[in-house]
Every structure is written in structure tokens, then in C-alpha cells.
Amino acid sequence: MAPLRQRQSINKERFSSYLSSLRTQNYHDPSSPNFSFSLRSIAWNPLGTLIAAGSADRTLRVWNPDRANVRYSTELKGHTAAIEKVAFNPVKDAELCSVSSDGVVKFWDVRTKAVINEIKGLGDAFTLAWAPDGESLVVGNKADNIYVLSPGQATPLASHQQPVQTNQISFCHSGEKIFLTTGEGRVKILSYPDFKPIFHTSYEPTIPFTLNGHTSSCLAIEMQPTARFLATGGSDSIIALWDTKDWHCQRTLIDMVGPIRSISFSFDGSYIVGGSDEGMGLEIAHTETGDYVHSIKTVGPCPVVAWHPTKYCLAYTDLGSLKIIGVDPERK
């Protein structure tokens, strides 16, 4: 895969005027029978040349962001229930993984539409996170069982039953630590791939250390590209930013409405945005200061957000449809 070419960062004083100058493009899928509120997950490939969208109506479509017409997209068929999560292999720009509540995880070659591997019997699966090296990934189900999978094997490598409700999952950039959000509002910090607690409390060495920054269920989690901060979002409408050196909460973003369903950092880590299934609009904050620097008006709630991997280009769902700000559709 070719190396990424990242754009130059823009300071927070100029950021809003820059983003305001960008065009927003809508990507409409006419084949989706229940289009409103259907998109569950979106994901860029590592190069930012493709974006995948998985829907509650079982539709899985891969778009060329520069070509908004559906005829330039690719539909991947095979799931028999809602698609809960999609994610590209972080080191292979054409390998996509999809997780469905039918208990099946599929690995696709998006160039040929072929299913290159399939793992069945994982229960009501809804979470997915690739290890940074692309050699393995974890998938969780609503029974709080976490499976370690290989894109080349048809059965799980391991499974780890969790004693509490477990929601979204994220890796550190080295792949040695994995972060599990829980229904208790906490975040577990575990070793990978053996899922052992890495830190313990100073007052009781037998008790695992967890991040505790939410008054209710912790739902979303994202590591900053620069790895200085880990962001968590909860059903308490708060995004917390944790310093990864000492694991202290440095600041909280409190202007969201409704549960935080997704979090995304810009490619340079300078800006952060959260998605919620309540309220309208998106508020982009400056990571270092916590200042809100730009608002995006939307028709309805935007539960899913995803910054482009190399430039200030933001994909999001609005009333269940895919929109991207910052692309140049149908360019010559």
C-alpha cells in the first residue's frame, strides 16, 4: 500500500472559515428500501479513496467519495440481518470486514466483491476493531463475549467472556493494549491478545485500574492519531479526553445532546467530533483547548461520524443517509 500523504494542519482560528468553504455531498442509495435512519456504520479505507457504509436493512455499499452517483459504488451482498459495524483492514486498502447481528463476520475484497473469509456463530455481534498490524481483529456480541479473529481463519482464535456489559472497543497504536468500554461508565485497559489487566490501583494492587469518567454507560471510544489522548463518549452526553501518559482526564466536552454513539479525530488529531442519535447538527472541537470551533447544520441526528485519514474531510450520517463535507464529486 502506498504511503499516506497527509495535508498540512490548519490552526483553530482559520479552521471554521476553511471548513465553511467546503462543499457537502450527499450519497443516495436508491436500492435501499428503508433508507431513513438505516445507516449503522461508516468507515474509510486507509488511503481515503473508498468509504464503506453498512445499514440496518442489510445493505453494504462501498462508495468512491469523488463519484457520488450510485453507479460508481459497489454493493456487497450476503448478510441476512442488520450490518452493525464495518471497518477496513488498516494495512490493506481493499480488504473490508463487516459484522452483522446474524452472527456472521465477513471479509471482502472490495475490488472483486468476493468474500475471502467468513466466520459464523458469533451471536448478536455489534462491535469490531482491527489490530493495527491488520493480522487480527476483535468482535464483540451483546452477550459480552469478545472474539479474537484472523482474516484468514474460519474459526475464532480465542474468546473472552466479559463479566459486565461491554460496548465499543479500540486499540492503542502499538496493538499491545486494548480498551473496552462498559455499561458501568468505565474503560478497561487490557493487554492484547491475552486480555489481562495492565494497570492496578495504587490502594489495592489486586484491583484492576479502569478509566472512570462517565455517570452512565460508556459507548464510544477513539485513540487520537498522535496517541496523546484517548477519547471516550457516554450516554451521559459527555466526551472525555484522557492523557495517555498518566491516564488523567484532561478535559470534557459537554455540549452534546443525547448519547455519544461515535467519536472521530481529524487526521492530525487537532480536531474532534462526536455523533449522537439525538439532537441536530455537529459540533467540532479543538482537541488541545476543548474550544468549539465549527458547527455543521444537519437535517436530523448524526450518530455516526468519521474523519478522512489524510485531510480535513468529514463523513457523517444525517437522517440515515451518508454525507461527506470536503470532497470534490465528479471531478475530472
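Note that this is a predicted model, so its numbers are computed, not measured.

1. Description of the overall build of the protein chain
A tally of helices and strands in the protein chain yields one helix and 28 strands. Considered along the principal axes of its C-alpha atoms, the protein chain spans approximately 60 × 50 × 35 Å. Residues classed as buried in the protein chain amount to 57% of the 332 residues present. Intrachain contacts of the protein chain at a sequence separation of at least 6 include 46% that bridge at least 24 residues. Accessible area of the protein chain: about 14300 Å², with a carbon and sulfur share of 48%.

2. Re empty space enclosed by the protein
Throughout the structure, instances matching the rule amount to two cavities of 30 Å³ or more. Empty space within the second largest cavity amounts to approximately 40 Å³. Contributing to the lining of the second largest cavity are Ile239, Leu253, Met256, Ile272, Val273, Gly274, Glu283, Ala285 and Tyr292. Looking at the lining of the second largest cavity, the elements that each hand over two or more residues are strand 23 (271–276) and strand 24 (282–286). The greatest single-element share of the lining of the second largest cavity, amounting to three residues, is contributed by strand 23. Considered class by class, the residues forming the lining of the second largest cavity number seven nonpolar, one polar and one charged.

3. With respect to the sheet that holds strand 18 (residues 218–223)
Each strand in a sheet pairs with another by means of backbone hydrogen bonds, the pair being arranged parallel or else antiparallel. One open sheet accounts for four strands, arranged 18-19-20-21; its pairing is antiparallel. Strand pairing shows two members of the sheet lacking a second neighbour, strand 18 and strand 21 (249–253), which therefore form its edges. In this sheet, adjacent strand axes meet at a mean angle of 20° when their direction is disregarded. In this structure, strand 19 (residues 229–234) lies alongside strand 20 (residues 239–243), joined through five bridges in antiparallel fashion. Opposite threonine 232, over in strand 20, you have alanine 240 as the bridge partner.

4. Points about the environment of isoleucine 10
Among the secondary structure elements, isoleucine 10 is positioned in the segment before helix 1 (12–20). As a C-alpha pair, isoleucine 10 and tyrosine 27 span 17 residues in sequence and 27 Å in three-dimensional space. In this structure, isoleucine 10 is in contact with Phe15, Tyr18, Tyr271 and Tyr312, ignoring residues within four places of it in sequence.

5. Examining the pairing of strand 8 (residues 105–109)
Burial runs high along strand 8: five of the five residues are buried. Because side chains alternate across strand 8, one face comprises the buried residues Val105, Phe107 and Asp109, and the other comprises Lys106 and Trp108, equally buried. Two strands pair when backbone bridges link them, and strand 7 (residues 95–100) and strand 8 are joined in this way by five bridges, in the antiparallel orientation. Looking across to strand 8, one finds that leucine 96 is bridged to tryptophan 108. Counting the residues that bridge the hairpin from strand 7 to strand 8 gives four residues, and of these glycine 103 lies at a positive phi of roughly 85°. As defined by bridge partners, strand 8 adjoins strand 9 (residues 114–119) across five bridges and the pair is classed as antiparallel. What sits directly across from aspartate 109, in strand 9, is alanine 114. Taking the residues between adjacent antiparallel strands as the criterion, strand 8 and strand 9 are bridged by four residues, where lysine 113 takes a positive phi near 70°.

What counts as what
Residues numbered from 1 in each chain as written. Predicted model: local features only at pLDDT ≥ 70, side-chain atom pairs only at ≥ 80, totals over all residues. Heavy atoms only, no water. Helix = DSSP H or I, 4+ residues; strand = E, 2+ residues; numbered from the N terminus. Buried < 20%, exposed > 50% of the residue type's maximum accessible area, 1.4 Å probe, protein only. Contact = heavy atoms within 4.5 Å. Areas by Shrake-Rupley, 256 points an atom, 1.4 Å probe, with all protein chains shown as cover. 1 Å grid on protein atoms, 1.4 Å probe; cavity = no way out; pocket = protein on both sides within 12 Å on 5 of 7 lines; lining within 4 Å. Points joined across faces, edges and corners; volume = space filled by probe spheres on them. Nonpolar A, V, L, I, M, F, W, Y, C, P; charged D, E, K, R; others polar. Pairing = 2+ DSSP bridges. Axes fitted to C-alpha atoms, helices over the stretch in contact; angles between N-to-C directions.

Spatial relationships are all this shows, so hold off on functional conclusions.
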